[in-house]
Amino acid sequence: MTLVNFFRAREFQLRVVRQKYITRQQLQKQPHKFNNILHVVYLLGHVSVCGGVKVILEHANELFKVGAQVSLLSHFPRPDWFDIKADYIQIPFGLELARGIPADCDLVVATYWDQLAACVEACAAPVVYFEQGDFHLWDWERVSEDKQKLIYHLYQLPSYIITCSHTGAKKIKEVFQRDALVFHNALNNEVFFPKKELSKEKWILGVGSEHTKFKRIPDIWQACQIVQSKGYDIHFKWVTQSNPTKPLGTVVVNPPQPILGDIYRQAQIYICASEYETFPLPPLEAMACGTPVITTANDGALAYAVDRENCLYFTCGDTDQLANKIITLLEDQGLYNHLQQNGYKTASRFQWQEIISQLKTFYEEAAQHQAIPIHQETDWVKLMPISFSPEDQRTIAQFLGHTAADLIYLPFVYELNEHCKLTRWHPIFQRKLALSGQVDHLYLSFQVLPLEDHPYYEAISVFVAENYTEAFQYFKKHLDTNNNPQEVAVLLRWLIWCLIKAKLYSEAQSLLNKGFKNHPGFADLYYLYGLLVKLSGNDQELTIIRHNLTLLGDAVGFPEYIKDVYTLL
């Protein structure tokens, strides 16, 4: 998780530097309509179990059902807790997520504000921002002034904004002066359906991460403790995205959706203690499963929750009042049944079929437009005589038309042998008149270049000939004259590789320790470490390394990296 945070922080820092050069997307009507099949691309900031991610995945599956092509872009491996029908594309950490947008997409959907500048800059298609609510919407006054300026600017960039509740749309207008269309969240009735009988064990259920403080999970725990102290045999069950640092009650981490449905049905009461929400899905899921809900009167819950009709309200932060509400439901079977039956009726109003039909119509209308480039092809100089496929050429033209960067790198492949390929970034396009001093990398299909074109060909040719001690000396000379930290990491990898091939394992391990300290995100080092571990026969450690490589993907944030490195161990 530390590596993930490292990459997220670095990606965010690069976005902040570039965003001031990016202006609001301008659209024009396409001379011809998009292909018969609508292609929508969603960007996913993470794929852990939570209501926001689930709604995006439901969008993808339901749009797929009605004939759209949907691609989901994420830095993380495909999640195993949700049965995804749409295309899933993992973009390696170290590369801006939006750089993986397919050339044939008709519409790009950003799902968090920090993705907006990169999506608009990509100039691939009209950008829709899907706002599901977070601190920046409901706790704006507590946001620092610098971050307010950043988020406000980013909010002005996309062509369209959609959200999941009218209260959310009202808040967006109030804070950001942007209009937002509303498409309510809905339920998967194959997962969330009525319980057959009341659970014999009295579980009080809460859902949310300890990192989203506004959900106030500890309040639910404390209220349960109060109820227990009064002689009631109840227990707290907590469904969360990851193992919490301070576990409370029985913790269930990232359950698959069918299991989550069972958990709702086994619970006796569901509690939402949130300070704010845009359109909370878990209370609706609980209602659909026949579990009465106690909730704060947050703006999102007001979209469907009515006190003493389909739920009970309590004052946010008042754990004594919450405890009394729990006791009321435990003792008043009539009220319990009343909330349960009305909860079923409420949940039945939120079905994907109608909402997705409306959403697809909106997407099709938006996709009849194309982004207007602000730069011309003549603004650029091509630095290498490389030809591209029509699809790549289209992606390049779109990107050059809107990028804030002055120098664009593309990836090229060098084949060491039939099993191992290197990818190296080469500068291909340079702006004639520099505007920002920024560089960027465009993730395209990989063309193969001969080894003779590699800048370290002399050293690599000796390495391929298995003269590893001599190759080490060649690479060491390059290292001694290089002061670019990223390039130093590449050369350090070559040195370690030479030492392993020469069976100088102790020296290789010593250099690896230095590499991990100075370049913690370089996946190639994990591969080389894996070679050493494999020799030692430590299968448990090797499994961990393979997991890390699968999570990180290729080290695209470095000038050169081993292609498909996670497949080589």
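Residues numbered from 1 in each chain as written. Predicted model: local features only at pLDDT ≥ 70, side-chain atom pairs only at ≥ 80, totals over all residues. Heavy atoms only, no water.

A.B. asks: Explanation requested: the packing of aromatic side chains in the structure shown.
C.D. replies: Aromatic ring pairs: the centre-centre distance and the angle between the two ring planes describe each pair. The final tally for this structure, using the stated rule, is 30 aromatic pairs. On the numbers, 6.4 Å between centres and 55° between planes, the contact of tryptophan 221 with phenylalanine 236 is tilted. Note that tryptophan 221 is positioned in helix α7 (residues 217–229) and phenylalanine 236 in strand β10 (residues 235–240), a separation of 15 residues in sequence. Consider the rings of tyrosine 304 and phenylalanine 350, whose centres lie 6.0 Å apart with planes at 70°: the pair is edge-to-face. Of this pair, tyrosine 304 sits in the loop between β13 (293–296) and β14 (311–314) while phenylalanine 350 sits in the loop between α11 (333–348) and α12 (352–366), placing them 46 residues apart in sequence. Judged by its relative accessible area of 4%, tyrosine 304 is buried. Residue classification places phenylalanine 350 among the buried positions, given a relative accessible area of 6%. Here the aromatic cluster, defined as three or more aromatic residues joined through ring pairs, consists of Tyr456, Phe463, Tyr468, Phe475, Trp494, Trp497 and Tyr527. The ring of tryptophan 203 has lysine 237 lying over it, and the distance from NZ or CZ to the ring centre is 4.2 Å. (Phe/Tyr/Trp six-rings, centres within 6.5 Å; stacked < 30°, edge-to-face > 60°. Helix = DSSP H or I, 4+ residues; strand = E, 2+ residues; numbered from the N terminus. Buried < 20%, exposed > 50% of the residue type's maximum accessible area, 1.4 Å probe, protein only. Lys NZ or Arg CZ within 6 Å of the ring centre and 35° of its normal.)

A.B. asks: It is not clear to me how the sheet that holds strand β5 (residues 107–110) should be interpreted in this structure. Could you clarify?
C.D. replies: One key point about sheets: their strands pair by backbone hydrogen bonds, in either a parallel or an antiparallel sense. Spatially, seven strands are ordered β4-β3-β2-β5-β6-β7-β8 in an open sheet, and the strand pairing comes out parallel. Of all strands in the sheet, those bounded by a partner on one side alone are β4 (87–90) and β8 (181–182). Sheet topology places strand β3 (residues 69–74) next to β4; four bridges connect them, and they run parallel. In the strand pairing of β4, serine 71 is matched with aspartate 87. Helix α6 (residues 166–176) rests against β6 (127–131), β7 (160–163) and β8 of the sheet, and its axis sits at about 140° to β7. (Pairing = 2+ DSSP bridges. Contact = heavy atoms within 4.5 Å. Axes fitted to C-alpha atoms, helices over the stretch in contact; angles between N-to-C directions.)

A.B. asks: In this structure, what is going on with the environment of phenylalanine 463? I would like to understand it.
C.D. replies: Locating phenylalanine 463 in the fold gives a position in helix α14 (residues 457–464). Taking the relative accessible area as the measure of exposure, phenylalanine 463 reaches 7% and is therefore buried. Measuring from C-alpha to C-alpha, the distance between phenylalanine 463 and leucine 551 comes to 29 Å, with 88 residues separating the pair along the chain. Residues contacting phenylalanine 463, with those up to four places away along its chain left out, are Leu416, Tyr468, Ala471, Trp494, Trp497, Cys498 and Lys501.

A.B. asks: I tried to follow the packing of helix α5 (residues 145–155) against α6 on my own but got confused; where do I start?
C.D. replies: Packed helix pairs are specified by the crossing angle of their axes together with the interaxial distance, meaning the distance between the axes. Packing of α5 against α6 leaves a shortest axis separation of 11 Å and a crossing angle of 115°. What the angle tells us is that α5 and α6 run roughly perpendicular. Seen along the crossing, α5 lies across α6 with a hand that is left-handed. Touching Ile151, Tyr152 and Tyr155 of α5 are Ile172, Val175 and Phe176, all from α6. When its residues are assigned to classes, the contact of α5 with α6 shows six nonpolar, no polar and no charged. (Parallel < 35°, antiparallel > 145°, perpendicular 65-115°, else oblique. Left-handed = near helix turned anticlockwise from the far one by under 90°. Nonpolar A, V, L, I, M, F, W, Y, C, P; charged D, E, K, R; others polar.)

A.B. asks: Is there a simple way to think about the pairing of β14 in this case?
C.D. replies: Two faces make up the sheet, and in a regular strand the side chains alternate between them. Here β14 shows two buried faces, one formed by Cys311 and Tyr313 and the other by Leu312 and Phe314. By the bridge criterion, four bridges tie β13 to β14 in an arrangement that is parallel. Across the sheet, the residue bridging to isoleucine 294 is leucine 312, located in β14.

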